[in-house]
Amino acid sequence: MDTTKPYEIPKKQVLEAYRRVKANKGAAGIDDQSIEQFGADLKNNLYKIWNRMSSGSYFPPPVKAVEIPKKAGGVRILGVPTVADRVAQMVVKMALEPKMEPIFHPDSYGYRPGRSAAQALRVTRERCWRFTWVLEFDIRSLFDNIDHDLLMRAVRRHTDSPWVLLYIERWLKAPFQMPDGTTKAREKGTPQGGVISPLLANLFLHYAFDAWMVRAHPDKPLARYADDAVVHCRTEADATGLKADLEQRLAECGLELHPDKTRVVYCKDSNRGESHPNTSFDFLGYTFRPRPAKSKSGAYFVSFAPAVSRKAQTAMQEEVHSWRLYRRSGSNLMDLARRVNPVVRGWIQYYGLFHRSSLTTVLEHLNQALIQWVRWKFKALRQGQRARHWLGRVARQQPDLFVHWEYGIRPAVA
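Residues numbered from 1 in each chain as written. Predicted model: local features only at pLDDT ≥ 70, side-chain atom pairs only at ≥ 80, totals over all residues. Heavy atoms only, no water.

Help me understand empty space enclosed by the protein, please; the structure alone is not making it clear to me.
Over the atoms, a rolled probe matching the size of one water molecule traces out where space is still vacant. Inspection of the entire model under this criterion finds one cavity of 30 Å³ or more. If you go around the largest cavity, you meet 13 residues; those closest to its centre are Gln89, Trp171, Pro191, Ile196 and Ser197. Counting only elements with at least two residues in the lining of the largest cavity, the list comes to helix 8 (162-173) and helix 9 (197-216). For the lining of the largest cavity, the per-class residue count stands at eight nonpolar, four polar and one charged. (1 Å grid on protein atoms, 1.4 Å probe; cavity = no way out; pocket = protein on both sides within 12 Å on 5 of 7 lines; lining within 4 Å. Points joined across faces, edges and corners; volume = space filled by probe spheres on them. Helix = DSSP H or I, 4+ residues; strand = E, 2+ residues; numbered from the N terminus. Nonpolar A, V, L, I, M, F, W, Y, C, P; charged D, E, K, R; others polar.)

I would appreciate a short explanation of the packing of helix 4 (residues 83-100) against helix 8 in the present structure.
Between two packed helices, what matters for the description is the angle formed by their axes and the separation of those axes. Contact pair helix 4 / helix 8: the axes reach a minimum separation of 10 Å and the direction vectors enclose 135°. As far as their axial angle goes, helix 8 and helix 4 are oblique. By crossing handedness, the relation of helix 4 to helix 8 is classed as left-handed. Seen from helix 4, the contacting residues are Asp85, Ala88, Gln89, Val91, Val92, Ala95 and Leu96; seen from helix 8, they are Trp163, Val164, Tyr167, Ile168 and Trp171. (Axes fitted to C-alpha atoms, helices over the stretch in contact; angles between N-to-C directions. Parallel < 35°, antiparallel > 145°, perpendicular 65-115°, else oblique. Left-handed = near helix turned anticlockwise from the far one by under 90°. Contact = heavy atoms within 4.5 Å.)

Would you mind showing me how to read the sheet that holds strand 9 (residues 281-283) here?
Strands belonging to one sheet form pairs held by backbone hydrogen bonds; the direction of such a pair is parallel or antiparallel. Strand order in this open sheet of three strands is 9-10-11, and the pairing throughout is antiparallel. Of all the strands in the sheet, just strand 9 and strand 11 (300-308) have a single pairing partner and so form its edges. Averaged over all adjacent pairs, the angle separating strand axes in this sheet is 50°, with direction ignored. For strand 10 (residues 286-294) and strand 11, the ladder comprises nine bridges, and the chain directions are antiparallel. Paired with Ala293 across the strands is Phe301, a residue of strand 11. (Pairing = 2+ DSSP bridges.)

Please explain the packing of aromatic side chains as it appears in this structure.
Both the distance between ring centres and the angle between the ring planes are used here to describe each pair of aromatic rings. A full pass over the atoms with the stated rule returns 18 aromatic pairs. On the numbers, 5.9 Å between centres and 50° between planes, the contact of Tyr111 with Tyr225 is tilted. Separated by 114 residues along the polypeptide, Tyr111 in the loop between helix 4 and helix 5 (117-130) and Tyr225 in strand 6 (residues 222-225) bring together distant segments of the chain. For the ring pair Trp323 and Trp347, a centre distance of 5.9 Å and an interplane angle of 10° mean the geometry is stacked. In this pair, Trp323 is assigned in helix 11 (residues 310-323) and Trp347 in helix 12 (residues 333-351), connecting sequence segments 24 residues apart. (Phe/Tyr/Trp six-rings, centres within 6.5 Å; stacked < 30°, edge-to-face > 60°.)

Just checking my understanding: could you explain the environment of Val344 for this structure?
Along the chain, Val344 turns up in helix 12. The residues touching Val344, leaving out its near neighbours within four places in the chain, are Trp323, Leu363, Leu366, Val403 and His404.

Would you explain helix 1 (residues 11-24) in this entry?
One full turn of an α-helix is made of 3.6 residues, so residues set three or four places apart face in the same direction. For helix 1, with 14 residues, the first-to-last C-alpha span of 20 Å sits near the 20 Å given by 1.5 Å per residue. By the burial criterion, the buried members of helix 1 are Gln13, Val14, Ala17, Tyr18 and Val21. Buried residues in helix 1, looked at end-on, bunch into an arc of 145°, giving them a common side. Facing away from the buried side of helix 1, by more than 90 degrees, are the exposed residues Lys12 and Ala23. Positive backbone phi, at 60°, marks Lys25, one or two positions downstream of helix 1. (Expected span 1.5 Å × (residues − 1). Buried < 20%, exposed > 50% of the residue type's maximum accessible area, 1.4 Å probe, protein only. Arc of directions from axis to C-beta.)

Help me understand helix 7 (residues 148-156) in this model?
Taken together, the buried positions of helix 7 are occupied by His148, Leu151, Met152, Ala154 and Val155. Take helix 7 and look down its axis: the buried residues cluster within an arc of 155°, on one side only. Residues of helix 7 that are exposed and point over 90 degrees away from its buried face: Asp149 and Arg153. In the core, the buried residues of helix 7 are packed alongside helix 8 and helix 9. Put simply, Asp147 is the residue that caps the front of helix 7, since its side-chain oxygen is 3.0 Å from the backbone nitrogen of Asp149. (Polar contact = N/O pair within 3.5 Å; in protein donor to acceptor, adjacent residues only side chain to side chain.)

Mind showing me how you'd approach the environment of Gln192 here?
On the secondary structure map, Gln192 appears in the loop between strand 5 (183-184) and helix 9. Between the alpha carbons of Gln192 and Ile146 there is a distance of 11 Å; along the sequence they are 46 residues apart. Apart from the residues within four sequence positions on either side, Gln192 is in contact with Arg76, Ile77, Leu78, Gly79 and Phe143.

What follows is the structure, given as structure tokens:
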């Protein structure tokens, strides 16, 4: 270690930070340098980062602002740091995260090692059977509205490392470079897209929401994934009272509930006969609502249960459409399978956790895209149902060629 440096940052920590950034991939920042280009002169680039961070002379460049259209209209600003800046942020994250993890709430699931959306869904499903009411909510533009002073106060509670504090403050103040080339100063928020941002957002919400819930509403279990959360309540009065309390609490922290994504929901099933205008909610790509079910003894009943949401189904079908498989007439079925299987496998593994049959519509849509490919590739199969029957025979002979065929979603054979 170079003892002339004011901050002791191990060189191996910078190398490990690069490896993690490389594994996460990601786009280039304002310098248009890709991860591959950064790696072409790796030793020199990592030395520059270590040298500047260790000496206190590292200043983050502006964050590239990328406008992502929202389905409901408008745009979301995604901040893309340069590769070098992502490495520097990862160095700080690696130093800070081990100190944060032990204090985080056990039902905070987003952007945490060893935690997942699937875990949040499973615990929410079980609690809906035990609690009659749910407050579902979303925080409006969380990453854009985090108060810097409150955030730094929280960070200082868990670290006194001068270089960690120094660089977090610099990242919070780093401006956006807008698509037109102008720069925009930031007085609040932490860029959505930064390596350190999810950890900082979790820390902020830990104090703004999680720890507050433990103090103020200890009888109401929660599940939170970043800014999307549900809280279970025993009565409607409990849920509406919590909503009012939460609005006030978040306002004190400079945040606001999203008015269109915050509702009190009645978890209606066979044992709950009340009527209520809201008997469903969406959480992490699933819709929880009353659904027909069958007991082990064969009796039918209504269960409040999750299945893939309509919004998620539409997004998957749009992605299938975007592949334009019919234009790949120069490819064979094996080529197409290599192209689509990793994505489809991920869909089935996640959206097939509960009520896998709800994925059938999406997977049949994929079959239709493959049938269209057959028609474009083989002139003799363009008439009538010939393409479907041909593909159905292939599916019967090679049921493991496409992932969804393994689950029985195959074209019909005449």
